[in-house]
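# An overview of the molecular structure
One letter stands for each residue in the lines below.
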Amino acid sequence: MNNSTLAPHESMELHEALNFKTLCLTKSKLMQGLVFDQELKALMQKDVTQSIQQIAELQAIYARAPFQAPVPNSPTPIIH
């Protein structure tokens, strides 16, 4: 059995997980500007940091998908 590529259904599930994590990252990053509680803001920043790391890990697995599609090196920043 060839384990170097993902099955089509695994690729789709991974794609969905990657989209979800990217959406969560975007929401946490955008909501930080609306939060005034420093504890909550620190928690949201921790979520952003962890999400970026998790997205990078998912992208490494996504590179094994059986179809040819470019894999971005990092998520496109919305806010600098």
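Residues numbered from 1 in each chain as written. Predicted model: local features only at pLDDT ≥ 70, side-chain atom pairs only at ≥ 80, totals over all residues. Heavy atoms only, no water.

### Observations regarding the overall build of the protein chain
Stated precisely, the cut-off is as follows: Numbering of helices and strands runs from the N terminus; a helix is a DSSP stretch of H or I covering at least four residues, while a strand is a stretch of E covering at least two. Think of it in three bands: with a 1.4 Å probe and only protein chains considered, a residue is buried below 20% of the maximum accessible area for its type, exposed above 50%, and partly exposed in between. Contacts are assigned to residue pairs with any non-hydrogen atoms lying within 4.5 Å of each other. Methods summary: accessible areas were calculated by the Shrake-Rupley approach with a probe of 1.4 Å, and residue burial reflects only the protein chains presented.
When helices and strands are tallied, the protein chain shows 2 helices and 0 strands. The burial tally for the protein chain puts 21% of its 80 residues in the buried class. Restricting the contact set of the protein chain to residue pairs at least 6 apart, pairs at least 24 apart contribute 62%. Accessible surface computed for the protein chain: about 6100 Å², of which carbon and sulfur atoms make up 61%.

### So, the nonpolar core
Nonpolar side chains tend to gather and get buried jointly when the protein is soluble and globular. Test applied: Residues grouped as a nonpolar core are buried Ala, Val, Leu, Ile, Met, Phe, Trp, Tyr and Cys residues, joined through side-chain atoms within 4.5 Å.
Grouped together as the largest cluster of nonpolar side chains are 8 residues: Leu-6, Leu-14, Leu-18, Leu-25, Val-48, Ile-55, Leu-58 and Tyr-62. Those elements that place two or more of their residues in this core are α1 (8–31) and α2 (38–62). Here this core takes 4 residues from α2, the largest share from any one element.

### Structural notes on the side chain of Ser-28
Where we set the bar: Polar contacts here mean pairs of N or O atoms no more than 3.5 Å apart (in protein, one a potential hydrogen donor and the other a potential acceptor; neighbouring residues in sequence count only if both atoms are side-chain atoms).
Mapped onto the elements of the fold, Ser-28 is located in helix α1. Classification of Ser-28 as buried rests on a relative accessible area of 11%. A polar contact of 2.5 Å, which involves the side chain of Ser-28, links it to the side chain of Asp-47.

### Digging into α1
We count it as follows: Each helix should span, by expectation, one fewer than its residue count multiplied by 1.5 Å.
With 24 residues, α1 should cover 34 Å at 1.5 Å per step; its first-to-last C-alpha distance of 35 Å lies within 8% of that length. All of the buried residues along α1 are Ser-11, Leu-14, Leu-18, Lys-21, Leu-25 and Ser-28. Residues of α1 that are buried make contact with α2.

### Let's talk about α2
Taking 1.5 Å per residue, 25 residues should reach 36 Å; α2 reaches 35 Å between its end C-alpha atoms and fits that length. Listing the buried residues of α2 in full gives Met-44, Val-48, Ser-51, Ile-55, Leu-58, Gln-59 and Tyr-62. As for α2, its buried residues are in contact with α1.

### Details of the side chain of Gln-32
You can see Gln-32 is positioned in the loop between α1 and α2. For Gln-32, a relative accessible area of 12% gives the class buried. Not counting residues up to four positions away in its chain, the partners in contact with Gln-32 are Lys-41, Met-44, Gln-45 and Val-48.

### Some words on the environment of Ile-55
The residue Ile-55 is located in helix α2 in this model. For Ile-55, a relative accessible area of 1% gives the class buried.

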